[in-house]
Amino acid sequence: SNPPAQIMEIECAEPASKATYRLTRKHHPKKHPSGVKPPTTDPSKIVPISEDDEVTHNGANGTSQEERCVFNFVFMSVACMETCGKVEVIVTRSGLLQFPASVSYRTKDGTATSGEDFKPTEGKLTFNPDEVEKSFEVEIVDDDRCEDQEEFYIELFEPQVHKGKDSHPGALGDLHTTTIKIIDKDIPGIL
């Protein structure tokens, strides 16, 4: 008999920027005669690949993670039964925490259609200083149609950090879009 399955804890690291991954790939060739060369940490040699990329090393063209406020969804995707009523979605922020901050969100159609499969939802989450997590709910519509699994998306946009009366741009992390999968309760069973 097989031993019982073990559940292991998985640690999740903060996602790196596109530029960091590109620099790592550039400086880690597949085969190097003297072994693998480590990526440079010299800020004068690190440059963003495009205007959208930010390098996350201090002193480089971008700013470090601690100097920005970064917003992400906790999960890349969430599954729910069509009968669940509502699904809770969690957003986190990291980095610059000592100031209030906000980020907007909105639903987008996928194979699931707003109004028919879920209620279109949009809003703004406002974080107090040192607050790292907020949540909101999206209503799921229960219908009597037999459908395959459907999905829709929620995206974050307009991240802002509020310093006094001024607002400054925040940043969106790699998980700035999440997928909500709706599992149909009406799929017939086989006898």
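Quantities reported herein were computed from a predicted structural model and do not represent experimental measurements.

Enquirer: Would you mind going over the nonpolar core in detail, with residue names and values included?
Expert: Among the nonpolar cores identified, the biggest contains 24 residues, and Phe71, Val91, Phe136, Phe152 and Ile154 are the most heavily contacted of them. By residue number, the principal contributor to this core is strand 7 (residues 150-163), which donates four residues. If sequence neighbours within four positions are ignored, Phe136 has contacts with Phe73, Val87, Glu88, Val89, Val91, Tyr105, Leu125 and Ile154.

Enquirer: Now, about the sheet that holds strand 9 (residues 171-172): what can you tell me, with residues and values included?
Expert: Spatially, four strands are ordered 6-3-1-9 in an open sheet, and the strand pairing comes out mixed. The open sheet is flanked by strand 6 (133-139) and strand 9, the only strands paired with a single partner. In terms of strand pairing, strand 1 (residues 69-73) meets strand 9 through two bridges, oriented parallel. Each residue of the ladder has a partner; that of Phe71, found in strand 9, is Leu172.

Enquirer: Just give me the short version of the packing of aromatic side chains, but keep the residues and values in it.
Expert: Tallied over the full model, the rule gives three aromatic pairs. Consider the rings of Phe71 and Phe127, whose centres lie 5.5 Å apart with planes at 55°: the pair is tilted. You can see Phe71 sitting in strand 1 and its partner Phe127 sitting in strand 5 (residues 122-127), a full 56 residues away along the chain. Per residue, the accessibility class of Phe71 equals that of Phe127, and both read buried. The interplanar angle of 10° and the centroid separation of 3.8 Å between the aromatic rings of Phe118 and Phe152 together place this pair among those described as stacked. Residue Phe118 is found in the loop between strand 4 (101-108) and strand 5, and its partner Phe152 is found in strand 7; the two are separated by 34 residues along the sequence. Grouping residues by exposure puts Phe118 and Phe152 together as buried. Positioned above the aromatic ring of Phe157, the side-chain terminus of Arg106 is 3.7 Å from the ring centre.

Enquirer: Please provide a residue-by-residue account of unusual backbone geometry, values included.
Expert: Residues other than glycine predominantly adopt negative phi, and peptide bonds predominantly adopt the trans conformation. One non-glycine residue, Asp130, lies in positive phi territory at about 65°. If you trace the backbone, Asp130 turns up in the loop between strand 5 and strand 6. Given a relative accessible area of 58%, Asp130 falls into the exposed group. Backbone geometry places Glu158, a non-glycine residue, at a positive phi of 50°.

Enquirer: Lay out the pairing of strand 1 in plain terms, naming residues and giving numbers.
Expert: Strand 1 sits mainly inside the fold: five of its five residues count as buried. Of the two faces of strand 1, the one carrying Cys69, Phe71 and Phe73 and the one carrying Val70 and Asn72 are both buried. Bridge count for strand 1 against strand 3 (residues 86-95) is five bridges, and the pairing is antiparallel. When the sheet's bridge partners are listed, Phe71 is paired in strand 3 with Arg93.

Enquirer: Describe the side chain of Asn72, and please don't skip the residues or the numbers.
Expert: Within the secondary structure, Asn72 is located in strand 1. Here the side chain of Asn72 touches Asp174 through a polar contact of 3.3 Å, landing on its backbone nitrogen. Within the local environment of Asn72, its side chain forms a polar contact with the backbone nitrogen of Leu175, the two atoms lying 2.9 Å apart.

Conventions we followed
- Residues numbered from 1 in each chain as written.
- Predicted model: local features only at pLDDT ≥ 70, side-chain atom pairs only at ≥ 80, totals over all residues.
- Heavy atoms only, no water.
- Core = buried A, V, L, I, M, F, W, Y, C linked by side-chain atoms within 4.5 Å.
- Buried < 20%, exposed > 50% of the residue type's maximum accessible area, 1.4 Å probe, protein only.
- Helix = DSSP H or I, 4+ residues; strand = E, 2+ residues; numbered from the N terminus.
- Contact = heavy atoms within 4.5 Å.
- Pairing = 2+ DSSP bridges.
- Phe/Tyr/Trp six-rings, centres within 6.5 Å; stacked < 30°, edge-to-face > 60°.
- Lys NZ or Arg CZ within 6 Å of the ring centre and 35° of its normal.
- Polar contact = N/O pair within 3.5 Å; in protein donor to acceptor, adjacent residues only side chain to side chain.

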